[in-house]
Every structure is written in C-alpha cells, then in structure tokens.
Amino acid sequence: MSDTQIYQPKASQERSFGKYKVTRELGRGAMGVVYECFDPDFERAVAVKILSPDLMKHDTSGEYRQRFRNEMKAAGRLTHPNVISVFDAGEQEGVPYFVMEYVDGVELKEALDGGQRFLQAEVIKIMKEVLSGLKYIHAHNIIHRDLKPANIFLTNDGAAKITDFGIAKLESSELTRVGTIIGSPRYMSPEQCQGLPVDARSDLFTAGIIFYQLLTNEHCFDS
C-alpha cells in the first residue's frame with residue numbers, strides 16, 4: 001500500500017469481512033485500509049484490504065471503486081513467489097474488499113527509514129527478486145506504475161514481494177488516459193511524470209532508482 005502507516009496491534013474488534021474475522025488494523029494508504037484477519041477455514045492469518053470509507057463518500061463517478069476493482073483484478077491474476085497473492089474477494093455492507101496473503105515481515109521503506117543498511121549481496125538478492133516479480137507481472141500484460149520501497153515487502157525469510165496494484169495498468173483498461181499524472185514522483189520515469197503513455201520500461205526505470213537507493217543510501221531524485 002502506498003506509503004502505508006504501520007500501527008501497533010489493537011485489541012480484537014467485533015468486525016468481519018465475510019468469514020474473515022478482524023484481528024487488528026495494519027495500515028492506511030491513499031486508497032484503502034488493510035486489516036489483519038483470521039481465516040477460520042484454513043486457520044491462518046490473511047490481509048484484507050477495503051476501499052477507504054472516505055473515498056467511498058465522495059466517489060460520485062465510481063472511479064475509485066473501479067480503481068479498486070482494477071487492483072483486485074491485476075493482483076488476482078498473479079501467482080509468483082515475489083508478488084503478493086490474492087485469495088478471495090467480496091463485498092460487505094456495500095464495501096468492496098479482497099483477501100491477500102499476510103506477509104510476516106516489513107516494508108522495504110520501513111526498513112530503510114528505520115536505519116537498516118543492506119550489504120551488497122543482500123541488495124543484489126532483493127533486486128533480483130523484484131526484477132523476477134516484474135518480469136512475471138509484465139508477462140501478464142500488467143504495468144505496476146507505482147513501484148517503490150513502500151510497495152515492496154521483505155519477509156522474515158528474506159524474500160522480496162511486490163504489492164499494491166492500486167494504479168496498475170491492465171492492457172484492457174481505459175481508466176488512465178494520456179495527460180493524467182499518477183504515481184509517486186520520486187520514483188517515476190520521465191514519461192510518467194509527463195503524463196505520457198508508459199510500458200514495462202517505466203517499471204524498470206523505477207527499479208533502477210530503488211537499486212541506486214539501496215546501494216548509496218540516498219535518493220536518486222530529491223526534487
């Protein structure tokens with residue numbers, strides 16, 4: 001989730017999404033809220049993402065609902081060890097949600113902001129896995145368009161996983177048009193900054209920016 005704010009565990013809430021019982025709120029981003037939930041059928045933790053209630057109040061055109069469905073559709077098509085998996089989807093009292101694997105680990109952004117530094121071998125491993133995930137995503141005709149440390153999770157086992165397809169471009173989608181600038185400026189390619197059409201090369205440009213940051217501990221672009 002874009003620039004997700006991580007919260008401390010809260011007491012169990014009397015809330016559920018279908019069969020998934022809410023355990024705690026994990027974070028809030030630009031478009032959604034993510035909860036840790038319990039799946040009683042498989043007796044496992046999952047992550048449930050819902051469309052932000054604030055956005056729903058002002059979504060008179062239905063654009064945000066469509067973007068949320070776009071994210072669900074994009075992520076739901078993917079099964080790869082370096083991409084967050086989607087298990088299920090539904091709607092609760094008019095609120096759309098989808099169910100993802102729960103990653104026991106930290107965002108790469110959180111690790112960097114917390115002062116963690118990576119050895120060269122660790123950086124290479126992270127980037128090889130990110131590029132492996134991107135290759136798979138692109139092979140399924142999806143452009144992520146918002147790759148950044150906040151959208152890369154590092155599991156406790158040391159694996160890197162790409163997440164947050166909120167502004168991904170599906171080959172069949174007409175949601176984003178030329179002239180619309182959307183993404184995270186510090187990590188965007190020049191053509192994306194100009195609102196021009198983008199393809200897989202834009203994601204690779206962004207991967208290079210992240211690689212630079214991991215190696216130097218500095219942002220490639222700061223303005």
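All figures in this text were calculated on a predicted structure; none of them were measured in a lab.

## Details of the overall build of the protein chain
Secondary structure summary: the protein chain contains six helices and 11 strands in total. Looking at the protein chain as a whole, 47% of its 223 residues qualify as buried. Here the analysis covers contacts within the protein chain between residues at least 6 apart in sequence; of these, 56% occur between residues at least 24 apart. When the accessible area of the protein chain is evaluated, it comes to approximately 11400 Å², of which 51% is carbon and sulfur surface.

## Section: the pattern of salt bridges
Counted according to the given criterion, the structure contains 11 salt bridges. Lys 125 is the partner of Glu 129 in a salt bridge, and the nearest nitrogen-oxygen pair spans 2.9 Å. A residue pair is termed a helical-turn pair when its members lie 3 or 4 positions apart in one helix, as Glu 129 and Lys 125 do in helix α4 (residues 120-139) at four residues. Judged by its relative accessible area of 16%, Glu 129 is buried. Judged by relative accessible area, Lys 125 falls into the partly exposed class, the value being 39%. Taken together, the shared-partner salt bridges in this structure form one network comprising Lys 19, Asp 39, Asp 41 and Arg 44.

## Structural notes on the packing of α4 against helix α6 (residues 200-216)
Across the interface, α4 lies against α6 with an axial gap of 11 Å and an inter-helix angle of 170°. Taken as axis vectors, α4 and α6 run roughly antiparallel relative to one another. Mapping the contact onto sequence places Val 123, Ile 126, Met 127, Leu 131, Leu 134 and His 138 in α4 and Ala 200, Asp 203, Leu 204, Ala 207, Ile 210, Phe 211, Leu 214 and Leu 215 in α6. Looking at the contact of α4 with α6 residue by residue, the class counts come to 12 nonpolar, one polar and one charged.

## A look at a nonpolar patch on the surface
A contiguous nonpolar patch, built from Ile 124, Phe 211 and Leu 215 and spanning about 250 Å² of accessible area, is present on the exposed surface. With respect to the element layout, Phe 211 can be found in helix α6. Overall, Phe 211 belongs to the partly exposed group, its relative accessible area being 33%.

## Some details on unusual backbone geometry
Even without glycine at this site, Glu 43 takes up a positive phi of about 50°. Looking at where Glu 43 falls in the secondary structure, it is placed in the loop between β3 (32-39) and β4 (44-51). The phi angle at Glu 93 is positive, at roughly 50°, despite the residue not being glycine. Inspection of the secondary structure assignment puts Glu 93 in the loop between β5 (86-92) and β6 (95-101).

Parameters and conventions
- Residues numbered from 1 in each chain as written.
- Predicted model: local features only at pLDDT ≥ 70, side-chain atom pairs only at ≥ 80, totals over all residues.
- Heavy atoms only, no water.
- Helix = DSSP H or I, 4+ residues; strand = E, 2+ residues; numbered from the N terminus.
- Buried < 20%, exposed > 50% of the residue type's maximum accessible area, 1.4 Å probe, protein only.
- Contact = heavy atoms within 4.5 Å.
- Areas by Shrake-Rupley, 256 points an atom, 1.4 Å probe, with all protein chains shown as cover.
- Salt bridge = Lys/Arg side-chain N within 4 Å of Asp/Glu carboxyl O.
- Axes fitted to C-alpha atoms, helices over the stretch in contact; angles between N-to-C directions.
- Parallel < 35°, antiparallel > 145°, perpendicular 65-115°, else oblique.
- Nonpolar A, V, L, I, M, F, W, Y, C, P; charged D, E, K, R; others polar.
- Patch = residues over 30% accessible without salt bridge, like charges linked within 9 Å, V, L, I, M, F, W, Y side chains within 5 Å.

Read these as layout, nothing more, since geometry by itself doesn't imply function.
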